[in-house]
Amino acid sequence: MSYSNTTTVQIPVVVSGATGKMGREIIKAIAKAPDMNLVGAIGRQHLGEDIGEVVGIGELEIPVTNNLEVVLAQAAQESQLPVMIDVTHPSIIYDNIRSAIAYGVRPVVGTTGLTEKQIADLALFADKASTGCIIAPNFSVGVILMQQAAIAAARYYQHVEIIELHHNQKADAPSGTAIKTAQMLSELGQAFNPASVQEQEHLAGARGAVCGENIRIHSLRLPGLVARQEIIFGSMGETLKIEHNASDRTCYMAGVLLCVRKVLALKSLVYGLEKVLA
Ligand SMILES: NC(=O)C1=CN([C@@H]2O[C@H](COP(=O)(O)OP(=O)(O)OC[C@H]3O[C@@H](n4cnc5c(N)ncnc54)[C@H](OP(=O)(O)O)[C@@H]3O)[C@@H](O)[C@H]2O)C=CC1
Ligand SMILES: O=C(O)C1=N[C@H](C(=O)O)C[C@H](O)C1
């Protein structure tokens with residue numbers, strides 16, 4: 001068992017995607033958290049180098065490795081329940097989550113791009129293993145407040161569209177946050193965007209992608225952006241725009257740490273930070 005100076009029991013944490021943009025911030029946040037102990041850093045760059053040196057905070061005595069299975073097996077030997085935070089890529093996230101659960105390591109997943117079917121499969125897998133897992137398409141509390149404001153506004157509007165704007169290194173479109181927002185609105189059981197005219201799309205994609213209850217999502221990718229989302233409602237003579245703007249990835253860290261603490265008490269998969277915000 002590992003103890004900090006104040007003898008707080010520490011949660012062993014593995015970070016997968018540790019050398020990426022989110023991973024680097026998460027390593028810094030874990031290093032500062034008194035109740036967490038970094039036990040593994042998975043990446044493809046800087047193999048063998050100390051992850052603390054890589055992210056510029058000094059030695060942490062954890063070398064970067066690309067062997068997730070070995071790190072999960074080691075984490076499973078810790079006397080406290082271990083957690084894997086994953087911020088990697090849509091192409092590997094499904095397998096990473098299954099591997100973590102198989103080793104009894106609790107996944108906290110920021111990686112977006114999982115399909116509804118994959119999430120449903122993973123929920124079954126977590127249930128069978130009685131293992132907590134959190135998939136949070138967005139770790140920012142501000143984003144959850146934006147979604148809740150949209151749910152409140154939807155009661156008064158039939159028409160809504162979503163615009164999401166991200167940096168041009170993003171692999172998936174639309175963003176996980178935009179999909180989750182459209183799903184949350186769709187769960188209200190309301191019919192959105194009744195057609196008012198027979199529409200013709202002269203260029204494919206001009207009207208965006210349709211998600212859930214006929215809600216359109218438009219995705220922009222530009223250098224200079226971090227992450228922004230606008231939910232725009234319209235009715236006779238007015239529009240209402242609810243917007244969240246992430247200017248720095250530190251905005252996600254409070255949510256990441258909260259999920260690490262909350263996942264330990266769960267026995268199944270939850271999808272969305274809002275489900276664990278007390
Ligand atoms: N939930 C949330 O609040 C947030 C979620 N995200 C999501 O987190 C994920 C990561 O975002 P970001 O940090 O910006 O992305 P980056 O590309 O900066 O980092 C991704 C990391 O995963 C690694 N990786 C990518 N593909 C593979 C692969 N096939 N096998 C092994 N490792 C791989 C990368 O390695 P390498 O450097 O070698 O490519 C890198 O270390 C995305 O899905 C993004 O949407 C992002 C921000 C907030
Ligand atoms: O790739 C990103 O950067 C982000 N991805 C998440 C998403 O797809 O919603 C969260 C946030 O928007 C940043």
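Residues numbered from 1 in each chain as written. Chains lettered and ligands numbered in written order. Predicted model: local features only at pLDDT ≥ 70, side-chain atom pairs only at ≥ 80, totals over all residues.

A. Up close: the sheet that holds strand 12 (residues 269-271). A sheet is described by the order of its strands in space; here 7 strands give the open sequence 3-2-1-4-5-6-12, paired in parallel fashion. In this open sheet, the two strands that pair with only one neighbour each are strand 3 (64-65) and strand 12. Its contacts with the sheet put helix 8 (residues 253-263) on strand 1 (11-16), strand 2 (36-42), strand 4 (83-86), strand 5 (106-109) and strand 6 (133-135), and the angle it makes with strand 5 is roughly 155 degrees. (Pairing = 2+ DSSP bridges. Helix = DSSP H or I, 4+ residues; strand = E, 2+ residues; numbered from the N terminus. Contact = placed C-beta atoms within 7 Å. Axes fitted to C-alpha atoms, helices over the stretch in contact; angles between N-to-C directions.)

B. Layout of the pairing of strand 11 (residues 238-246). The pairing of strand 10 (residues 227-235) with strand 11 spans 9 bridges and is antiparallel. Each residue of the ladder has a partner; that of Gly 234, found in strand 11, is Thr 239. As consecutive antiparallel partners, strand 10 and strand 11 are separated by 2 residues, and within that stretch Gly 237 has a phi angle of approximately 75 degrees, a positive value.

C. Region of interest: the site of ligand 2. As a matter of local geometry, ligand 2 sits amid Thr 112, Pro 137, Asn 138, His 166, Lys 170, Ser 175, Gly 176, Thr 177 and Ala 227. When the residues that make up the shell around ligand 2 are grouped by side-chain class, the tally is 2 nonpolar, 6 polar and 1 charged. (Near = placed C-beta within 6 Å. Nonpolar A, V, L, I, M, F, W, Y, C, P; charged D, E, K, R; others polar.)

D. Expanded view of the UniProt feature "domain: Dihydrodipicolinate reductase N-terminal" (unreviewed entry) in the protein chain. The UniProt record marks residues 11-139 with the feature "domain: Dihydrodipicolinate reductase N-terminal" (unreviewed entry), using the residue numbering of this structure. The span residues 11-139 shows a helical share of 40% and a strand share of 20%, and its end C-alpha atoms are spaced 19 Å apart. (UniProt positions renumbered as here; feature names shortened; annotations may be inferred.)

E. Structural view of helix 3 (residues 68-75). Listed in full, the buried residues belonging to helix 3 are Leu 68, Val 71, Leu 72 and Ala 75. One side of helix 3 carries all its buried residues, which in axial view fall inside an arc of 100 degrees. Exposed side chains of helix 3 directed beyond 90 degrees from the buried face belong to Glu 69 and Val 70. Check the buried side of helix 3 and you find it contacts strand 1, strand 2, strand 3, strand 4 and helix 4 (90-102). (Buried ≥ 20, exposed ≤ 12 C-beta atoms within 10 Å, placed from the backbone. Arc of directions from axis to C-beta.)

F. Up close: the site of ligand 1. As a matter of local geometry, ligand 1 sits amid 23 residues, with Gly 20, Met 22, Arg 44, His 89 and Gly 110 nearest to it. Contributions of two or more residues to the shell around ligand 1 are made by helix 1 (21-32) and helix 4. Of the residues contributing to the shell around ligand 1, the split by class is 7 nonpolar, 14 polar and 2 charged.

G. Structural view of the packing of helix 4 against helix 5 (residues 116-128). At their nearest, the axes of helix 4 and helix 5 sit 10 Å apart, and the two run at 5 degrees to each other. Relative to helix 5, the element helix 4 lies roughly parallel. The segment helix 4 lies against helix 5, with Tyr 94, Ile 97, Arg 98 and Ile 101 engaging Gln 118, Leu 122, Phe 125 and Ala 126. (Parallel < 35°, antiparallel > 145°, perpendicular 65-115°, else oblique.)

H. Examining helix 4 more closely. Every buried residue of helix 4 is listed here: Ile 93, Asn 96, Ile 97, Ala 100 and Ile 101. Here the buried residues of helix 4 occupy an arc of 125 degrees about the axis, which is enough to place them on one side. What points out from helix 4, more than 90 degrees from its buried face, is the exposed set Ser 91 and Asp 95. On its buried face, helix 4 is in contact with strand 1, helix 3, strand 4, strand 5, helix 5 and strand 6. Residue Gly 104 follows helix 4 closely and has a positive phi angle near 80 degrees.

I. The nonpolar core, seen in detail. In terms of nonpolar packing, the biggest core is built from 73 residues, with Val 13, Val 14, Val 15, Ile 85, Val 256 and Val 260 touching the most fellow members. Two domains share this core, each providing at least three of its residues, namely domain 1 (11-135 + 250-275) and domain 2 (141-247). Once you skip the residues sitting within four places of it in the chain, Val 13 turns out to touch Ile 30, Met 36, Asn 37, Leu 38, Val 39, Val 83, Ile 85 and Val 260. (Core = buried A, V, L, I, M, F, W, Y, C linked by C-beta atoms within 7 Å. Domains from an automatic or database assignment.)

J. Representation of the domain arrangement of the protein chain. Split by domain assignment, the protein chain resolves into domain 1 (11-135 + 250-275) and domain 2 (141-247). Taking the mean C-alpha position of each, domain 1 and domain 2 sit 29 Å from one another. Looking at side-chain class alone, the side of domain 1 that touches domain 2 contains 4 nonpolar, 5 polar and 1 charged residues.

K. Fine view of the sheet that holds strand 8 (residues 209-211). Strand order in the open sheet made by the 5 strands is 8-9-7-10-11, with mixed pairing throughout. Single-partner strands in this sheet number two, and they are strand 8 and strand 11. For this sheet, the mean inter-axis angle between neighbouring strands, taken without regard to orientation, is 25 degrees. Sheet contacts for helix 6 (residues 141-154): strand 7 (159-166), strand 10 and strand 11; angle to strand 11, the most-contacted strand, approximately 165 degrees. This element, helix 7 (residues 176-186), spans strand 7, strand 8, strand 9 (215-221) and strand 10 of the sheet and lies at about 165 degrees to strand 7.

L. Layout of the UniProt feature "domain: Dihydrodipicolinate reductase C-terminal" (unreviewed entry) in the protein chain. When the UniProt feature table is mapped onto this chain numbering, "domain: Dihydrodipicolinate reductase C-terminal" (unreviewed entry) sits at residues 142-277. The span residues 142-277 is 26% helical and 29% strand by assignment, and the distance between its end C-alpha atoms comes to 12 Å.

M. Here's a closer look at the environment of Asn 37. Counting through the fold element by element, Asn 37 comes out in strand 2. Expressed as a C-alpha distance, the spacing of Asn 37 and Pro 12, which sit 25 residues apart in the sequence, is 4.9 Å.

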